[in-house]
Amino acid sequence: MVVELAAVRLLAPWFGASTGVWTNVIGVILLALAVGYVCGARLSVSGSPDRRLGWVLVVGSGLTALLPLLAAPVAGLFMPADLALDEAAGLMLWGSLASSLVLFAPVAALLGCGCPLAVEALQVNSGGHAGAAGGRVLGISTLGSLLGTFGTTHWLLPRCGLMGTFLIAAACLGLAGLLLLLRSRSPRALAVGLIFAVLGVGSAFLPEFNNPEPAPGWKVLDQRQSAYQRLAVLENEAGSQRRLVVNEALDSFQSVWQPQPGLLGGGQYYDYFALPAWWAEPQEVWRALILGLGAGTAVRVLEGALPRGTALFSIGVEIDPAVVELGELYFGLQGNRPERRVLAGLDARAALPGVEDLQDLVILDCYANNMEIPPHLCSVEFFRETLGVLAPGGFLMVNAAGFGLDDPVVKALSLTLAQAFSSEILALRIPFSRNCVLVARAGLPVPRPGALGWDVGGRVGKALLPALEVPSAWRLVEPVTGSLQNTGVPVLTDDLNAMDQLQRESVRAGRQRWVVGA
Amino acid sequence: MTFLPFTASMALALLCQPAFSVPMQDVAALRDQGFYALALERAQVLDDPTERAREVLEVLYHAGDLAGALGTGLAGLEADPLDRLLLWRSARLATDLAAAPLALALTARLAREADRLALDPGTAAETSRWWLDTSAEMVAEAKHLEGVREQQAASEGRALWVVILGLVLLLGVAGWGVQCSGPTQQAERARV
């Protein structure tokens with residue numbers, strides 16, 4: 001289990017850690033284990049099973065220790081540099097499957113051999129029934145897997161990193177194998193023991209796990225493995241911008257920082273979260289709940305872009321505490337103050353019932369693995385729950401990545417949001433970006449280009465509104481009722497949520513856009 | 001709530017309308033001042049189809065609708081396939097949007113047009129040099145994009161073959177393993 005869980009992390013810098021990648025890794029390991037069981041069965045019928053088990057574990061240990069070093073060259077074969085995130089989508093599935101087969105199948109097959117050999121060894125040494133020996137081996141191995149599951153996610157990866165995790169797993173396997181070889185009094189055991197000891201000492205001098213290089217002009221300030229993902233903080237050469245990237249990232253990032261708070265410019269969707277405070281009636285306090293805080297970019301934008309005389313009271317919810325730590329270190333995130341609460345380690349939906357004050361603005365910016373919106377955070381039921389924490393006239397803004405307003409994901413999210421709010425919502429295509437922002441309002445009509453209340457003037461209005469006023473930049477989406485529900489666009493619910501499929505369709509449609517000839 | 005037909009910024013632009021006497025300047029001025037919606041309206045009613053496509057493309061581009069601008073450029077090129085400005089802007093957009101085959105095709109056409117212009121004795125040397133340099137740079141960019149796309153396709157093919165080979169290998173090893181119950185194995189077991 002240690003190898004299996006860490007395997008996804010090993011591939012994540014190239015292929016991400018999406019459900020598809022997990023499926024590939026688990027599928028390959030299960031297949032290899034099955035092959036290993038069958039081969040182990042054959043190996044167990046002749047010779048000394050405990051000596052063979054010892055050899056299998058020692059060789060498996062060696063391969064495990066090599067995995068972090070082999071990951072970069074193997075993954076690099078299947079994921080060329082310079083690809084955009086959407087361009088790489090097809091490679092993420094086939095590339096991760098191929099990489100899993102090359103990297104993990106041999107180790108998993110060897111470890112699979114161990115199980116029947118262990119059963120045979122136990123039965124030969126202690127006598128009794130095969131069932132009793134099998135039951136004991138299965139019980140112990142399942143407990144070991146349990147320990148490996150929790151230990152890897154919560155202790156090994158965050159504290160020891162990928163290299164350390166694989167080396168510890170290799171050391172455990174190697175030690176067990178060595179003890180078996182010594183016990184079997186094999187003449188070669190001493191030699192193997194010596195080689196193993198030398199390798200163990202040598203492993204301390206192995207180079208660090210090779211993550212992909214950042215883009216030219218960017219340097220890595222910090223990187224770490226959290227319980228959820230691989231995180232890296234990048235800074236440009238001028239020191240004028242920092243980005244938080246997770247897993248494969250490619251041309252995308254999760255958070256961005258500039259020295260001055262306020263609008264970021266350059267087609268950043270975060271800027272548009274400032275608009276509701278200008279659309280609303282002037283007020284002294286602006287309460288904003290950010291679901292998917294990241295390193296705090298949205299808060300920083302609001303801090304510098306609210307109307308004069310309006311104070312910001314924000315609550316940020318971020319599932320990954322390591323992201324918050326990096327936010328505090330590198331992105332100017334300030335938590336633990338009454339006006340800047342940060343709820344780290346909480347799922348956005350689980351956090352909603354704990355929000356006491358009604359909010360003027362709820363921002364939903366929750367993505368897993370760069371591209372995936374978790375299904376429980378894009379359903380009618382969830383959007384209705386967010387409606388429950390909005391003050392009258394309050395705004396919900398949803399970041400929806402997609403190729404324009406006709407993107408399958410954007411259309412489904414828009415309709416779902418309109419259904420939940422039982423009113424028109426405004427879908428905005430953010431200029432110069434691959435993001436759309438959906439705007440819903442509690443109890444009042446949403447602003448729209450050309451309508452009273454849309455034009456807010458001031459520096460924020462001047463910077464953001466004109467480009468949104470062209471007809472291709474916005475769309476009003478109405479809820480559908482009764483017989484009109486057969487629109488071909490799904491309304492996403494907790495029970496039936498096709499977000500995974502929609503995201504695949506979105507990427508496919510995006511890649512096909514310009515295939516037609518010139 | 002009653003909705004007014006225009007925003008304040010649009011209304012302001014309308015009030016300024018008499019100041020612009022020539023439609024093209026009108027569109028460009030509106031665009032430069034950030035009145036994109038109004039500039040687009042004006043551009044869409046220009047008489048000349050090529051001018052119309054050029055101006056709509058520019059407005060959409062400045063308003064951040066890159067895909068819309070490219071679509072406009074391509075439509076304009078259908079009507080006037082040799083228009084260098086449309087070719088240039090469309091090729092630039094196709095490159096920015098990483099549409100490799102399209103960028104390659106458009107930049108090749110642009111390069112041909114630049115060559116043709118250079119052969120025209122009526123063209124200033126500076127002008128033809130600019131077009132030649134620009135088109136050469138853009139062809140290089142498009143080739144780089146195409147190279148990345150080819151690498152992507154090669155990686156996909158490689159991954160597919162590795163998956164097939166890996167599965168065959170695993171099945172082969174499994175086949176070796178299931179021979180456990182064969183006579184040789186039973187004999188080995190009997191010896192043990």
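What counts as what
- Residues numbered from 1 in each chain as written.
- Chains lettered and ligands numbered in written order.
- Predicted model: local features only at pLDDT ≥ 70, side-chain atom pairs only at ≥ 80, totals over all residues.
- Helix = DSSP H or I, 4+ residues; strand = E, 2+ residues; numbered from the N terminus.
- Buried ≥ 20, exposed ≤ 12 C-beta atoms within 10 Å, placed from the backbone.
- Contact = placed C-beta atoms within 7 Å.
- Expected span 1.5 Å × (residues − 1).
- Domains from an automatic or database assignment.
- Nonpolar A, V, L, I, M, F, W, Y, C, P; charged D, E, K, R; others polar.
- Pairing = 2+ DSSP bridges.
- Axes fitted to C-alpha atoms, helices over the stretch in contact; angles between N-to-C directions.
- Parallel < 35°, antiparallel > 145°, perpendicular 65-115°, else oblique.
- Left-handed = near helix turned anticlockwise from the far one by under 90°.
- Core = buried A, V, L, I, M, F, W, Y, C linked by C-beta atoms within 7 Å.

## Some words on the overall build of chain B
Then, number 1: A tally of regular secondary structure across chain B gives 9 helices and 0 strands.
Then, number 2: The linear arrangement of helices and strands in chain B, starting from the amino end, is α-α-α-α-α-α-α-α-α.
Then, number 3: Here chain B holds 192 residues, and the buried ones make up 38% of them.
Then, number 4: Once local pairs closer than 6 in sequence are excluded, the contacts in chain B between residues at least 24 apart make up 44%.

## Notes on helix H4 (residues 49-62) of chain B
All names here are of chain B.
Then, number 1: The terminal C-alpha atoms of H4 lie 20 Å apart, and with 14 residues this matches the ideal 20 Å at 1.5 Å per residue to within 8%.
Then, number 2: Along H4, the residues that are buried comprise Ala53, Arg54, Glu55, Val56, Leu57, Glu58, Val59, Leu60 and Tyr61.
Then, number 3: Following H4 by one or two positions, Gly64 has its phi on the positive side, about 85 degrees.

## A closer look at the domain arrangement of chain B
Residue and element names in this part refer to chain B.
Then, number 1: Once the domains are mapped, chain B shows domain 1 (9-81) and domain 2 (83-159).
Then, number 2: Opposite the 13 residues of domain 1 that make contact, domain 2 presents 10 residues.
Then, number 3: Every element with two or more residues in the side of domain 1 that touches domain 2 is listed here: H4 and helix H5 (66-79).
Then, number 4: At 8 residues, H5 tops the list of elements feeding residues into the side of domain 1 that touches domain 2.
Then, number 5: Each residue belonging to the side of domain 1 that touches domain 2 can be placed in one class, and the counts come to 8 nonpolar, 3 polar and 2 charged.

## Looking at the sheet that holds strand S8 (residues 359-364) of chain A
What links the strands of a sheet is backbone hydrogen bonding, and the strands pair in either a parallel or an antiparallel sense.
All names here are of chain A.
Then, number 1: The 8 strands are arranged S7-S6-S5-S8-S9-S11-S10-S12 in an open sheet whose pairing can be described as mixed. What marks the edges here is a single partner per strand, and that holds for strand S7 (340-344) and strand S12 (474-477). The sheet shows a mean angle of 15 degrees between the axes of neighbouring strands, taken without regard to direction.
Then, number 2: Pairing of strand S10 (residues 425-429) with S12, which is carried by 4 bridges, proceeds in the antiparallel orientation. Counted as the bridge partner of Leu426 is Leu476 from S12.

## Looking at the packing of helix H4 (residues 89-126) of chain A against helix H5 (residues 130-183) of chain A
Residue and element names in this part refer to chain A.
Then, number 1: Where H4 contacts H5, the two axes come as close as 9 Å, and the packing angle between them is 130 degrees. As judged from the angle between their axes, H4 and H5 are oblique. Viewed along their axes, H4 and H5 form a crossing whose handedness is right-handed. Here H4 contributes Cys115, Ala118, Val119, Leu122 and Gln123 to the contact with H5, which in turn contributes Ala130, Ala133, Gly134, Arg136, Val137 and Ser141.

## Focus: unusual backbone geometry
Residues and elements named next belong to chain A.
Then, number 1: One non-glycine residue, Ser422, lies in the positive phi region at around 50 degrees.
Then, number 2: With 11 C-beta atoms packed within 10 Å, Ser422 lands in the exposed category.
Then, number 3: Located in the positive-phi region is Phe432, a residue other than glycine, with phi close to 60 degrees.
Then, number 4: With respect to the helices, strands and loops of the structure, Phe432 is situated in the loop between S10 and strand S11 (435-441).

## Here's the deal with the sheet that holds strand S4 (residues 255-257) of chain A
All names here are of chain A.
Then, number 1: An order of S1-S2-S3-S4 is seen for the 4 strands of this open sheet, with the pairing classed as antiparallel. The sheet is open, and its two edges are formed by strand S1 (218-225) and S4, each paired on a single side. Going across the sheet, the axis of each strand differs from the next one's by a mean of 20 degrees, ignoring polarity.
Then, number 2: Strand direction decides the pairing type here: strand S2 (residues 230-236) and strand S3 (residues 242-246), joined by 5 bridges, are antiparallel. Its bridge partner lying in S3, Val233 is registered against Leu244.

## Some points on the environment of Ala440 of chain A
Residues and elements named next belong to chain A.
Then, number 1: Note that Ala440 resides in strand S11.
Then, number 2: In this structure Ala440 comes out as buried when scored by C-beta crowding, with 25 C-beta atoms within 10 Å.
Then, number 3: Placed 151 residues apart in sequence, Ala440 and Leu289 show a C-alpha to C-alpha distance of 15 Å.
Then, number 4: Residues contacting Ala440, with those up to four places away along its chain left out, are Leu396, Leu417, Phe421, Ile425 and Val446.

## Description of the interface of chain A and chain B
For interface size, the figure often reported is the accessible area lost on association.
Then, number 1: The interface of chain A with chain B comprises 47 residues on the first partner and 51 residues on the second.
Then, number 2: The element contributing the most residues to the side of chain A that touches chain B is H4 of chain A, with 10 residues.
Then, number 3: Tallied by class, the residues present in the side of chain A that touches chain B amount to 34 nonpolar, 8 polar and 5 charged.

## Regarding the domain arrangement of chain A
Then, number 1: Split by domain assignment, chain A resolves into domain 1 (2-203) and domain 2 (255-512).
Then, number 2: One C-alpha centre belongs to domain 1 of chain A, the other to domain 2 of chain A; they are set 43 Å apart.

## Overview of the environment of Ser314 of chain A
All names here are of chain A.
Then, number 1: Within the secondary structure, Ser314 is located in strand S6 (residues 311-318).
Then, number 2: Measuring from C-alpha to C-alpha, the distance between Ser314 and Met499 comes to 29 Å, with 185 residues separating the pair along the chain.
Then, number 3: Excluding its chain neighbours within four sequence positions, the residues that come into contact with Ser314 are Ala288, Ile290, Val299, Leu302 and Arg340.

## Observations regarding the packing of helix H2 (residues 19-44) of chain A against H4 of chain A
Residue and element names in this part refer to chain A.
Then, number 1: One way to put it is that H2 packs onto H4 with a least axis distance of 5 Å and a crossing angle of 30 degrees. Read as a crossing pair, H2 and H4 show a hand that is right-handed.
Then, number 2: A breakdown of the residues in the contact of H2 with H4 according to their chemical character gives 26 nonpolar, 9 polar and 1 charged.

## Some thoughts on helix H12 (residues 408-421) of chain A
Residue and element names in this part refer to chain A.
Then, number 1: Here H12 contains 14 residues, and its C-alpha end-to-end distance of 20 Å stays within 8% of the 20 Å for a straight helix at 1.5 Å per residue.
Then, number 2: Of all 14 residues making up H12, 14 are buried, and the element is well covered by its neighbours.
Then, number 3: Looking at the residues trailing H12, positive phi occurs at Ser422, about 50 degrees.

## Overview of the nonpolar core
All names here are of chain A.
Then, number 1: Counting 132 residues, the largest nonpolar core has Ile425 and Leu438 as its most contacted members.
Then, number 2: Counting residues per element, this core draws most heavily on H12, at 9 residues.
Then, number 3: With 79 residues, the next largest nonpolar core counts Val35, Val74, Ala121 and Leu157 among its residues.

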